[in-house]
Amino acid sequence: MPHFHQSHPREPVDQRQKMLETPIDRLIPSLAVPTIVSMLVTSIYNMADTYFVSQLNTSASGAVGVVFSLMAIIQAVGFTVGMGTGSIASRLLGQDKRGEANIYASTGVVAALVVGLLMAGAGLAFRGQLMWLLGSTPTIYPYALDYAFYIILGAPVMILSFTLNNLLRWQGKANLSVFGLATGGILNIILDPIFIYGFGMGISGAGAATLLSQCVSLTILAAFFLLKKSDLRVSLLCVSRSPRTYLAILKQGMPSFFRQGVLSVSTMALNYNAKLYGDAAVAALSIVTKVFMVIQSIVIGFGQGFQPVLGYNYGAKRLDRVKEAVWFSIRTCTVILTVGAVIGFVLAPHIITLFRRDDAVVIAIGTRAFRYQCFTLPLGAVLVFANMFFQSLGKSWRAVILAICRQGLYIPMVYFMTSQFGLAGLERTQASADLLAFLLSAGVIVHYFKMEFGREEI
């Protein structure tokens with residue numbers, strides 16, 4: 001593990017002043033725009049795999065949806081280490097405790113590498129069993145097996161990339177983090193058709209393009225530390241030997257683990273129920289999931305821009321700015337999602353057709369499911385920001401509850417809705433779960449604000 005660089009003894013004053021003094025309506029957008037771009041590019045290149053693979057056949061398209069559950073597990077670990085480390089480091093920087101922040105940063109990077117290598121080894125050893133467990137049908141299985149090989153092989157790269165990205169982002173250096181991820185994302189979009197069609201690799205080409213692109217992203221992100229662009233020091237000399245450090249990272253990152261982990265389980269539940277209606281249903285709902293990830297990535301990216309603002313200002317006890325940041329972000333993103341919902345409802349059949357033009361069943365199922373989700377899309381701002389708010393403040397258990405809320409409700413509901421209403425129930429499940437999760441999330445955050453911040457402006 002390289003020693004990335006030696007940092008200055010104190011954080012630059014201009015960065016601290018920026019995070020604590022810049023008006024919220026200017027500061028958050030300045031940090032959010034790069035992270036929104038990063039999330040969009042990441043979501044688009046994930047969707048690019050779905051698009052190019054879908055041109056092969058419906059079973060190959062379904063395989064991408066099956067392996068998505070596996071990717072969600074890997075991402076869950078990456079977000080756990082990255083968000084846990086970054087959240088703690090951000091608050092420590094806000095308190096001007098750079099030395100302690102360096103310890104957490106270094107410990108998080110080493111932990112990410114070790115866990116990633118262990119996951120890759122275990123995943124490759126049990127790849128076949130995993131594909132059945134994740135919901136493959138007999139016709140989807142061979143495609144899923146080939147695609148998953150490269151995804152599993154890239155587990156250490158993906159987890160390290162998420163960790164370094166979060167260390168940069170939580171410092172308020174979103175421009176650097178987005179450059180690393182976006183470069184890899186754009187490269188993936190370019191390489192997909194070359195590997196799939198040009199080299200004749202089929203679905204394996206999509207996996208290979210993803211792995212190569214992730215390696216490029218990791219190299220760029222690591223270079224920022226080597227070139228002293230980070231205010232945090234990452235070095236083996238700073239790695240903690242205390243179990244408390246690792247437990248603290250795990251505790252703070254646990255909301256991200258549950259959020260992504262439950263997403264993986266819910267996708268498995270979706271695949272299990274969808275395969276009752278054939279490969280077309282698996283493919284259609286996979287396409288809808290990937291498209292909505294692109295839409296929701298705007299809110300998640302916005303949230304990643306406002307999280308370091310919360311961390312710094314909460315650490316500095318600027319609670320007025322914490323409250324202002326939350327409501328500004330919720331208002332702004334609710335408007336964005338409402339516009340997106342209207343456009344998505346109108347264009348739903350055209351969007352699904354882009355992926356499987358020659359399969360009328362996929363188009364019909366996908367269109368209905370897409371439109372149902374548009375009805376509850378504007379609620380997404382509260383769902384995302386309530387969870388991120390508590391995680392940024394170190395209120396890990398509240399954050400965990402809200403993190404698992406949306407997809408946690410989805411899992412029992414998908415079985416209930418499918419058993420009671422068949423395919424129609426399956427298409428409506430996500431919208432129903434979103435509505436219930438919104439009511440819970442809104443109630444929790446409003447109650448906390450009334451208790452901790454006072455009743456004014458709630």
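Here the structure is a predicted model, which means the values were calculated and not measured.

About the thresholds
- Residues numbered from 1 in each chain as written.
- Predicted model: local features only at pLDDT ≥ 70, side-chain atom pairs only at ≥ 80, totals over all residues.
- Heavy atoms only, no water.
- Helix = DSSP H or I, 4+ residues; strand = E, 2+ residues; numbered from the N terminus.
- Buried < 20%, exposed > 50% of the residue type's maximum accessible area, 1.4 Å probe, protein only.
- Contact = heavy atoms within 4.5 Å.
- Areas by Shrake-Rupley, 256 points an atom, 1.4 Å probe, with all protein chains shown as cover.
- 1 Å grid on protein atoms, 1.4 Å probe; cavity = no way out; pocket = protein on both sides within 12 Å on 5 of 7 lines; lining within 4 Å.
- Points joined across faces, edges and corners; volume = space filled by probe spheres on them.
- Nonpolar A, V, L, I, M, F, W, Y, C, P; charged D, E, K, R; others polar.
- Salt bridge = Lys/Arg side-chain N within 4 Å of Asp/Glu carboxyl O.
- Core = buried A, V, L, I, M, F, W, Y, C linked by side-chain atoms within 4.5 Å.
- Expected span 1.5 Å × (residues − 1).
- Bend = angle between axes of the 7 residues up to and from the residue.
- Phe/Tyr/Trp six-rings, centres within 6.5 Å; stacked < 30°, edge-to-face > 60°.
- Polar contact = N/O pair within 3.5 Å; in protein donor to acceptor, adjacent residues only side chain to side chain.
- Patch = residues over 30% accessible without salt bridge, like charges linked within 9 Å, V, L, I, M, F, W, Y side chains within 5 Å.
- pLDDT = per-residue confidence, 0-100.
- Axes fitted to C-alpha atoms, helices over the stretch in contact; angles between N-to-C directions.
- Parallel < 35°, antiparallel > 145°, perpendicular 65-115°, else oblique.
- Left-handed = near helix turned anticlockwise from the far one by under 90°.

**A short note on the overall build of the protein chain**
- Looking only at helices and strands, one finds 16 helices and 0 strands in the protein chain.
- Among the 458 residues that make up the protein chain, the fraction classed as buried is 60%.
- Intrachain contacts of the protein chain at a sequence separation of at least 6 include 84% that bridge at least 24 residues.
- Per element, the accessible surface of the protein chain, about 17400 Å² overall, is 68% carbon and sulfur.

**Quick word on empty space enclosed by the protein**
- This model, assessed by the stated rule, comprises 2 cavities of 30 Å³ or more.
- Quantified by volume, the second largest cavity comes out at close to 50 Å³.
- Every residue lining the second largest cavity is listed: G65, F68, T267, L270, N271, L285, S286, T289 and K290.
- Counting residues per element, the lining of the second largest cavity draws most heavily on helix α11 (residues 279-315), which supplies 4 residues.
- Of the residues in the lining of the second largest cavity, the class split is 3 nonpolar, 5 polar and 1 charged.

**Remarks on the pattern of salt bridges**
- Tallied over the entire structure, the rule returns 3 salt bridges.
- For D320, the salt bridge identified is with R318, shortest N-O distance 3.4 Å.
- Salt-bridge contacts for E427 lead to R368; the nearest nitrogen and oxygen are separated by 2.9 Å. Taken together, the residues span a long stretch of sequence, with E427 in helix α16 (residues 423-452) and R368 in helix α13 (residues 360-376) at a distance of 59 residues.
- Among the charged side chains, a network of salt bridges with common partners joins E21, R318 and D320.

**Some details on the nonpolar core**
- Among the nonpolar cores identified, the biggest contains 126 residues, and I28, V326, F370 and F389 are the most heavily contacted of them.
- With residues up to four places along the chain from it excluded, the contact list for F370 reads V288, V291, F292, I295, G344, A348, I351 and I352.

**Thoughts on helix α6 (residues 141-153)**
- In this model α6 runs 18 Å from its N-terminal to its C-terminal C-alpha over 13 residues, within 8% of the 18 Å that 1.5 Å per residue would give.
- In α6, a bend of some 25 degrees at Y147 exceeds every other bend along the element.

**A word on the packing of aromatic side chains**
- Counted under the stated rule, the structure contains 17 aromatic pairs.
- Ring geometry for F292 and F370: centres 4.6 Å apart, planes at 55 degrees, overall tilted. You can see F292 sitting in helix α11 and its partner F370 sitting in helix α13, a full 78 residues away along the chain.
- Owing to a relative accessible area of 2%, F292 belongs among the buried residues under this scheme.
- Plain terms: the ring middles of F389 and F449 are 5.2 Å apart, the flat faces sit at 40 degrees to each other, and that makes the pair tilted. Residue F389 is found in helix α14 (residues 380-392), and its partner F449 is found in helix α16; the two are separated by 60 residues along the sequence. An identical accessibility class is assigned to F389 and F449; each is buried.

**Concerning the side chain of T353**
- In this structure, T353 sits in helix α12 (residues 319-355).
- Judged by its relative accessible area of 19%, T353 is buried.
- Within the structure, the side chain of T353 is placed 2.6 Å from the backbone oxygen of P349, a separation counted as a polar contact.

**Here's the deal with a nonpolar patch on the surface**
- Together, V335, V339, V342, I343, F345, V346, L347 and F375 make up a nonpolar patch on the protein surface, roughly 740 Å² of accessible area in all.
- Examining the composition of the nonpolar patch, we find that 7 residues originate from one element, α12, more than from any other.
- Position of V346 relative to the elements: it lies in helix α12.

**Looking at the environment of I28**
- Note that I28 resides in helix α2 (residues 24-54).
- Overall, I28 belongs to the buried group, its relative accessible area being 0%.
- Placed 201 residues apart in sequence, I28 and K229 show a C-alpha to C-alpha distance of 21 Å.
- When sequence neighbours within four positions are dropped, the list of residues in contact with I28 reads F302, F306, V309, A325, F328 and S329.

**Brief notes about the confidence of the model for the protein chain**
- For the protein chain, the average pLDDT comes to 86, and 95% of its residues sit at 70 or higher.
- This stretch, residues 1-13, has a pLDDT under 50; its non-local contacts, to residues over four places away or in other chains, come to 38 contacts.

**Considerations on the packing of α12 against α13**
- The contact between α12 and α13 brings their axes to 8 Å, and the two run at 165 degrees. Considering the angle they form, α12 stands roughly antiparallel to α13. The hand of the α12/α13 crossing is right-handed. Listed contacts from α13 to A341, G344, F345, V346, A348, P349, I351, I352 and T353 of α12 are V362, I363, G366, T367, F370, R371, C374 and F375.
- Classifying every residue of the contact of α12 with α13 gives 12 nonpolar, 4 polar and 1 charged.

**A word on the side chain of S136**
- By the secondary structure assignment, S136 is in the loop between α5 (127-133) and α6.
- A residue is classified by how much of its surface remains accessible, and S136, at 2% relative accessible area, is buried.
- At a separation of 2.9 Å, a polar atom in the side chain of S136 contacts the main-chain carbonyl oxygen of M131.

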